Each structure stands twice: as C-alpha cells, then as structure tokens.
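For reference, the chains in residue letters:
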Amino acid sequence: MRFFGSVRAGTGACLAWCLVCLAAQAADAVLADMKAVRAEWGLPQAIRFRDGGVEVWEYHRKVTRNGAWRYAFDPAGKVLSVERIRTAEDVAAIVVSETHASEVVALLGSPDRIVPDGEGVRWQFQLPQGGTLVLGFAAGKIVSTKTVMP
Amino acid sequence: MRSAWRAIAVVLLAGSCLSAGPVQAEASKAEAQSVAEVVRRQGQPSVVWFDATGREVWEYGSNPFRFTGLRFVFDDQGRVVYSEETRQERDIRRIIAGQSDRQDVREILGEPARLFVIRGEMHWEWAVFWLARIPHRLVIQFDERGVVKDIGKYRLTVRGSGVAN
C-alpha cells in the first residue's frame, strides 16, 4: 500500500515537473522571434536600429498591465535580448543637472507625452510601478527637474 | 476631346502636387521654431530619438490615417534646425526590392503604421499618396533576412464602388 502511495506521489511530482517544463517552453516560444512578439504584443511603440543591424522594438503603452519592454532582434528576426525598461533603477539613474535627454531615451524609451512649458517642454513617462515621471530640461537638453506624480 | 481635357487636368494636378511637399516643409520650418511651438502646432510626435550626431529627432506619421510623415530635427537649444515632409513619392522610389533592408526602410519612410505577418513574412504598411496624390496603401514585404521582397501599392477604395476613399 505504501508502495502505491509513493508511486502516486512520484507520478504527481513528474506531472507537475512536466507542466513546469511545458510552461517554460511555451514562454520561450513566445519570445523566440519577431513574429511571436508581434502576435503577443502588437505594434511596437518605437522601432530603432543599433549597429550591426540589430532591430529594437519598444513597448511602453501597456505599462500598467504588463510592464514596459525592449526587444532586440537580429536581422533574421530572432530575439537577441529582452529587457524591462522604466524600472525603479532606470528612474534612479536619471540625475538632475547631469543626465542628457539622449540618455533618458536610452533608459526609458520614447516619452509618452510631451507638454509645452514656455519655450521648452516637459516629458512624461508612465511607469509600470505606478505614477508618471515628469522631466524638465534646461539648455543643452540636460534634465533640470524630475518629479514622480502619483 | 474629353480625354484630352482629362490628361491636361492630371498634368496640372501632378505639377501642383509635386511642388506642395517642399513648400509645406519650408513653411513648417519657418513657423515652428521652438520645440514647444512644434508640439502646439503638430501635437504629440509618434517617436523621439537621437541620431548618430546626437541631434534630437521627432517623427510624426505612424498614424494609419496620415498620408505623409513629418520629421523635425532640433539643436541643443531646442530650436528646429531642419524639417521635412517624408513618405513622398521620391522617398518610396528610393526603396528597391532585393537591396533595401528594414533599416533603410525605417530611415526613409519612418515607422510603419501597421505591422503584420502573412505566411511567416513580415509586412510593414503606411498610408501614402501615389500617382498625383491619390491615396494608396503602401505595403512592403520583407524576406527572412529582412530585405525588401516586394513593394505593393494599393489604391484606397470603398469596396465595390471604385471610388477613392
């Protein structure tokens, strides 16, 4: 009787492990290439190219639900890397009177909204962790103000 | 006789349209001087990026109902140094099947308004004016290496009526 109990427990553990493996494989498959990313996420909010023909897609409009992501693809469309953007670390890396607007775009992606402010503008970024980051710029496109609005 | 008049009308229309692009671009360059004025006049850009020389570039045009794109380049003080209307016929003709890749297409036409996969091959789509400013859908098909395989231009019509949309 104890034998059958241990067989049952072993079978259950095997099944659970198989389910975990299948789920992991499914997740890998979703992120495997450009077509899968398109099917999962839709039209990217920004498409850029890096050196070597690396294509970068950014998704940051659905930040409240799924976070903000940046996918890099090789010229054949295979996923090279996936990274989460607009994290708390990214926001912390923006330093008033130091960070340039180009570094902001590299960290957070294209701004969600640009608001006129006198002759200049303020950039707004929706954050996955909640709230909106508002950045103001001084001459030379250096960040002059940084506020997180609830 | 009627066809002759029609031909003259088409030639005149084509001539006026060919001159419209640069004039409009010059006008926006002259009037939208600061970054704030560009937002007030044009609204939110589709994408903001920095080119290889570090200049800030704004693009308008990934809206699927917009037939031309706009590109503004700013200096470090937030003043427009250059603006142009993109997705013109001359731009579309620069894309060559078998030679241009996705990076070239992105650079010339801007971001696609639609992006879809048919039978495993990537397609990018824009709304454009083609042949004397007749509204068309431009669909570019890429092969598995990301090189342009086919360039399709389809006239926008109301289904069954043959009337341009």
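All values derive from a computational prediction rather than experimental measurement.

Thresholds, definitions, all that
Residues numbered from 1 in each chain as written. Chains lettered and ligands numbered in written order. Predicted model: local features only at pLDDT ≥ 70, side-chain atom pairs only at ≥ 80, totals over all residues. Heavy atoms only, no water. 1 Å grid on protein atoms, 1.4 Å probe; cavity = no way out; pocket = protein on both sides within 12 Å on 5 of 7 lines; lining within 4 Å. Points joined across faces, edges and corners; volume = space filled by probe spheres on them. Nonpolar A, V, L, I, M, F, W, Y, C, P; charged D, E, K, R; others polar. Salt bridge = Lys/Arg side-chain N within 4 Å of Asp/Glu carboxyl O. Helix = DSSP H or I, 4+ residues; strand = E, 2+ residues; numbered from the N terminus. Buried < 20%, exposed > 50% of the residue type's maximum accessible area, 1.4 Å probe, protein only. Pairing = 2+ DSSP bridges. Axes fitted to C-alpha atoms, helices over the stretch in contact; angles between N-to-C directions. Contact = heavy atoms within 4.5 Å. Core = buried A, V, L, I, M, F, W, Y, C linked by side-chain atoms within 4.5 Å.

### Some points on the layout of surface pockets
Gaps left between atoms are located by rolling a probe of water-molecule size over the structure's atoms.
Piece 1. If you add up the space inside the largest pocket, you get close to 890 Å³.
Piece 2. If you go around the largest pocket, you meet 29 residues; those closest to its centre are F49 of chain A together with W49, F50, D51 and A52 of chain B.
Piece 3. For the second largest pocket, the lining is made up of 19 residues, of which Q45 and R61 of chain A together with P45, S46 and S62 of chain B are closest to its centre.
Piece 4. When grouped by side-chain class, the residues that make up the lining of the second largest pocket number seven nonpolar, eight polar and four charged.

### Quick notes on the pattern of salt bridges
Residue and element names in this part refer to chain A.
Piece 1. Counted under the stated rule, the structure contains 20 salt bridges over all chains.
Piece 2. One salt bridge connects R70 with E83, and the closest N-O pair in it is separated by 3.5 Å. Residue R70 is found in strand β3 (residues 68–73), and its partner E83 is found in strand β4 (residues 79–85); the two are separated by 13 residues along the sequence.
Piece 3. The class of R70 is buried, set by a relative accessible area of 7%.
Piece 4. For E83, a relative accessible area of 33% gives the class partly exposed.
Piece 5. One salt bridge connects D112 with R86, and the closest N-O pair in it is separated by 2.7 Å. With D112 in the loop between α5 (101–108) and β5 (113–117) and R86 in the loop between β4 and α4 (88–92), this residue pair connects regions lying 26 residues apart in the sequence.

### Some remarks on empty space enclosed by the protein
All names here are of chain B.
Piece 1. One pass over the structure, following the stated rule, counts one cavity of 30 Å³ or more.
Piece 2. Estimates place the volume of the largest cavity at around 80 Å³.
Piece 3. Forming the boundary of the largest cavity are 14 residues, of which E59, Y60, G61, G110 and E111 lie nearest the centre.
Piece 4. Mapped onto the lining of the largest cavity, the elements with two or more residues apiece are β2 (56–60) and β3 (69–74).
Piece 5. Examining the composition of the lining of the largest cavity, we find that three residues originate from one element, β3, more than from any other.
Piece 6. Its residues placed into classes, the lining of the largest cavity shows four nonpolar, six polar and four charged.

### Things to note about the sheet that holds strand β6 (residues 120–126) of chain A
Sheets are built from strands that pair by backbone hydrogen bonding, the pairs being arranged parallel or antiparallel.
Piece 1. Strand order in the open sheet made by the four strands is β5-β6-β7-β8 (chain A), with antiparallel pairing throughout. Edge positions in the sheet fall to β5 and β8 (142–149) of chain A, since each has one partner strand and no second. When the angles between neighbouring strand axes are averaged without regard to direction, this sheet yields 25°.
Piece 2. Pairing of β5 of chain A with β6 of chain A involves five bridges; the strand directions are antiparallel. When the sheet's bridge partners are listed, P116 of chain A is paired in β6 of chain A with V121 of chain A.
Piece 3. Packing of α5 of chain A onto the sheet brings it into contact with β6, β7 (132–138) and β8 of chain A, and relative to β6 of chain A it is tilted by some 15°.
Piece 4. Seen against the sheet, helix α2 (residues 35–42) of chain B touches β5 and β6 of chain A and runs at an angle of roughly 65° to β6 of chain A.

### Here we look at the nonpolar core
Piece 1. V104, W123 and L133 of chain A together with W58 and F72 of chain B are the most contacted members of the largest nonpolar core, which has 26 residues in total.
Piece 2. The set of elements that each furnish at least two residues to this core consists of α5, β6 and β7 of chain A together with α2, β1 (47–50), β2 and β3 of chain B.
Piece 3. Of all hydrophobic cores here, the second largest spans 25 residues; its members include W57 of chain A together with I108, W130 and F142 of chain B.

### Side note on helix α4 (residues 102–109) of chain B
Piece 1. For α4 of chain B, every residue scored as buried is listed here: R102, V105, R106, I108 and L109 of chain B.
Piece 2. In the segment just after α4 of chain B, G110 of chain B is the residue with positive phi, at about 85°.

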